[in-house]
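The primary structure of each chain is shown beneath.
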Amino acid sequence: MRILGTFCGTFFLAAMTALGQQSTIAITHVTVINPGTSSVQANRTVVITGDRITSVADTAQLQPPKNARVIDATGQYLIPGLWDMHVHSAFGDWFPGGRDIILPLFIANGVTAVRDMGGEVPVLQAWRKEIASGQIIGPRMVISGPMLDGYLPNGKLRFPSSIPVTTPADAVAAVDSLKKQGVDFIKVQSAISRDSYVAAAAEAHKQGLPFVGHVPDKIRIREVVAAGQTSIEHLMGIFEGCSTTEDKFISGQGNLKLLLTTQDHKRCDSLIKLLAQSRTWQVPTLVWQRGGEFLDQRDLKHQPLDKYVPAYWRDVTWLRFTNEMMPDLLRDPLALRKEYFARNLQMVGAMHHAGVPFMAGTDTAPGVYVMPGFSLHDELANFVEAGFTPMESLQTATSNPAKFLGIEASSGSVEPGKIADLVLLAANPLTDIRNSQKIKRVMAHGRLFDRAALDQILMQVEAAAKHKK
């Protein structure tokens, strides 16, 4: 895939959290982990000059430059900066405060880049400029702008940040408009019609824009592959495609019990083989799937990260979302839902072992208490639960996004010449993936947040959440 045209957001250190403005930093005695090559190199010195990594070598053989700020990282682990490949940070009016809450929470958790899967173009582009100039704290972003979707039976769109598409002509016009606005790719939602979907895919390819998103309700997953959709979100279409009654689901007559009792191994093996051969990337958002399937079982009044949540998110957006989801959710017994989520994990493991490529994404912030940044680490743990090794799990948030976006030459690994988006960990994530949360420092473009600066960001987010109405 070509490098995305507006992939230009830079990562910075705001003046209030500046720790050191030297142009050269040397991290010594560190263990460097490069997930893309499954490489682990102990006792390394990594030198960052300006916004690039300039050398990685054995500490015993590399003398840090005389002007360098030296960081002794004995016993610590350096990984590439993390990606969340499915976020919504400027989602209509659903999540006020995104600039001061969502964006800095990513950085505080080592998420140095995100793929925004549906948002307001002017807002996101303004944020990218403010991030680049050092006015605000936030990750680099690739963006789709509004999602292409059809109307619901009630005549409304399901989500904000959506463009209504009811005809093939609408689809072509929407893609062309988004192209002119400078988006990086096109995202499709669930209610778009078959004809409109096909037209949108063709126009996206014509305009050189990657085409990603849902498997629409009226379309089979094999048709999505044929249309050249490069990533599928939420494991959509796979269970239906494995079912002997796929036609019923396409016509809207399926249910969860039917889905689970009509899975056919031969159909599934054939479908998984197709996904692997076509390199159709999967972003299963397991953290959202788990939270959504068991929403009725969660204690939403006592969430440990609630201090970072504005009242509007909790009392308006998430409450409305919960109330809309609950009737359908409660239609299925808890035991059936538990089986379904277990099958989700099994499916991810089976697809992975068959060679289907995966990326980590969370669907923050629309997912109820799927918190920006924090949830990415939960997703890495979900991949391990599904059968990935910790190294393979790290790939889903580092080297795999770089590969998907076509930016491996500049991103996704700790190597000379690469952009200095880095996370320094206090413990080894390869022995326990949860150690990805034990962040000592976050670096990008040669600049640095130490633990005190990261804690300061969290305090500022907490204050912003408290005052945001």
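Anything mentioned here points back to the structure above.
Each chain has its residues counted from 1, running along the sequence as written. Under the rules for a predicted model, residues below a pLDDT of 70 receive no local features and side-chain atom pairs below 80 are neither given nor counted, while totals for whole chains, interfaces and linings still include all residues. Hydrogens are left out, water is left out, and the side-chain values use all remaining heavy atoms of the structure.

Peer 1: Help me understand the packing of helix α9 (residues 265-277) against helix α12 (residues 334-353) in this model?
Peer 2: For helices, the axis comes from a line fit to the C-alpha atoms of the stretch in contact; other axes are also lines fit to C-alpha atoms, and the angle between any two N-to-C directions lies between 0 and 180 degrees. Helical segments are the DSSP runs of H or I of at least four residues, strand segments are the runs of E of at least two, and each set is numbered from the N terminus. At a minimum axis distance of 9 Å, the contact between α9 and α12 shows a crossing angle of 55°. Here α12 runs oblique to α9, going by the angle between their axes. Along this stretch, α9 crosses α12, giving a crossing that reads as right-handed. Residues Cys268, Ile272 and Leu275 of α9 lie in contact with α12, whose contacting residues are Met347, Ala350 and Met351. Three classes are used: nonpolar for Ala, Val, Leu, Ile, Met, Phe, Trp, Tyr, Cys and Pro, charged for Asp, Glu, Lys and Arg, and polar for all others, with Gly counted as polar. For the contact of α9 with α12, the per-class residue count stands at six nonpolar, no polar and no charged. Any angle that is under 35 degrees is reported as roughly parallel, and any over 145 degrees as roughly antiparallel; angles of 65 to 115 degrees are reported as roughly perpendicular and all others as oblique. By definition, any crossing whose near helix is turned counterclockwise from its far helix by less than a right angle is left-handed, and any crossing with a clockwise turn is right-handed. The criterion used for residue contact is that any of the two residues' heavy atoms lie within 4.5 Å.

Peer 1: How should I be thinking about the state of the cysteines in this particular structure?
Peer 2: Disulfide: a covalent bond connecting the sulfur atoms of a pair of cysteines. Only a pair of cysteine sulfur atoms within 2.5 Å counts as a disulfide in this structure description. Here the structure, examined in full by the defined rule, presents one disulfide. The side chain of Cys242 participates in a disulfide bridge whose partner is Cys268; the two sulfur atoms lie 2.0 Å from each other. Sign of the S-S torsion, about 75° for the bond between Cys242 and Cys268, identifies this disulfide as right-handed. With Cys242 in helix α6 (residues 238-242) and Cys268 in helix α9, the pair connects residues that are 26 residues apart, well separated along the chain. Here Cys242 matches Cys268 in class, with each residue buried. Here's how the labels work: a residue is buried when its accessible area is under 20% of the maximum for its type, exposed when over 50%, partly exposed in between, all with a 1.4 Å probe on protein chains only.

Peer 1: Teacher, can you tell me more about the packing of aromatic side chains here?
Peer 2: Each aromatic ring pair is summarised here by two numbers: the centre-to-centre distance and the angle between the ring planes. Two rings belonging to Phe, Tyr or Trp (six-membered ring only in the last case) form a pair when the distance between their centres is within 6.5 Å. Interplanar angles under 30 degrees mark stacking, angles over 60 mark edge-to-face geometry, and anything in between is tilted. Counting across every chain of the model gives 19 aromatic pairs. Either the NZ atom of lysine or the CZ atom of arginine qualifies as a charge over a ring when it sits within 6 Å of the ring centre and within 35 degrees of the ring normal. Taking the ring centre of Trp281 as reference, the NZ or CZ of Arg279 above it sits at 5.6 Å.

Peer 1: For this particular structure, what's the right way to read the pairing of strand β7 (residues 111-116)?
Peer 2: Consecutive side chains of a regular strand alternate in pointing toward one face of the sheet and then the other. Counting buried positions along β7 gives six out of six residues, so the element sits mostly inside the fold. Two elements, strand β6 (residues 82-87) and β7, share four bridges in a ladder whose sense is parallel. Within β7, the residue paired with Trp83 across the bridge is Ala113. Clockwise travel from the first strand over the helix to the second, with the strands pointing away from the viewer, marks a crossover as right-handed. Assessed by its sense of winding, the connection that carries the chain from β6 through helix α1 (residues 102-108) to β7 is right-handed. As paired elements, β7 and strand β8 (residues 140-143) share four bridges and run parallel to each other. Criterion used throughout: strands pair if DSSP finds at least two bridges between them.

Peer 1: For this particular structure, what's the right way to read the sheet that holds β7?
Peer 2: Backbone-to-backbone hydrogen bonds pair the strands of a sheet. The strands run either parallel or antiparallel. Spatial ordering of the open sheet is given by β6-β7-β8, a layout of three strands whose pairing is parallel. Two strands bound the open sheet, and with one partner strand each, they are β6 and β8. Neighbour-to-neighbour, the strand axes of the sheet open up by a mean angle of 20°, direction not taken into account. Across the sheet, helix α13 (residues 374-385) is in contact with β6 and β7; its angle to β6 comes to roughly 100°.

Peer 1: It is not clear to me how the nonpolar core should be interpreted in this structure. Could you clarify?
Peer 2: As a rule of thumb, soluble globular proteins bury nonpolar side chains together. As used here, the term nonpolar core means buried Ala, Val, Leu, Ile, Met, Phe, Trp, Tyr and Cys residues forming a set that is joined through side-chain atoms within 4.5 Å. Grouped together as the largest cluster of nonpolar side chains are 118 residues, with contacts concentrated most on Leu148, Ile186, Ile238 and Met351. When residues of this core are assigned to their parent elements, the largest contribution, seven residues, is made by α12. Not counting the four nearest positions on each side in its chain, Leu148 is found in contact with Ile163, Val165, Ala171, Ala174, Val175, Leu178, Ile186, Lys187, Val188, Gln189, Ile192 and Ala200. Listed in part, the 16 residues of the second largest apolar core include Ile25, Ile27, Ile71 and Val414.

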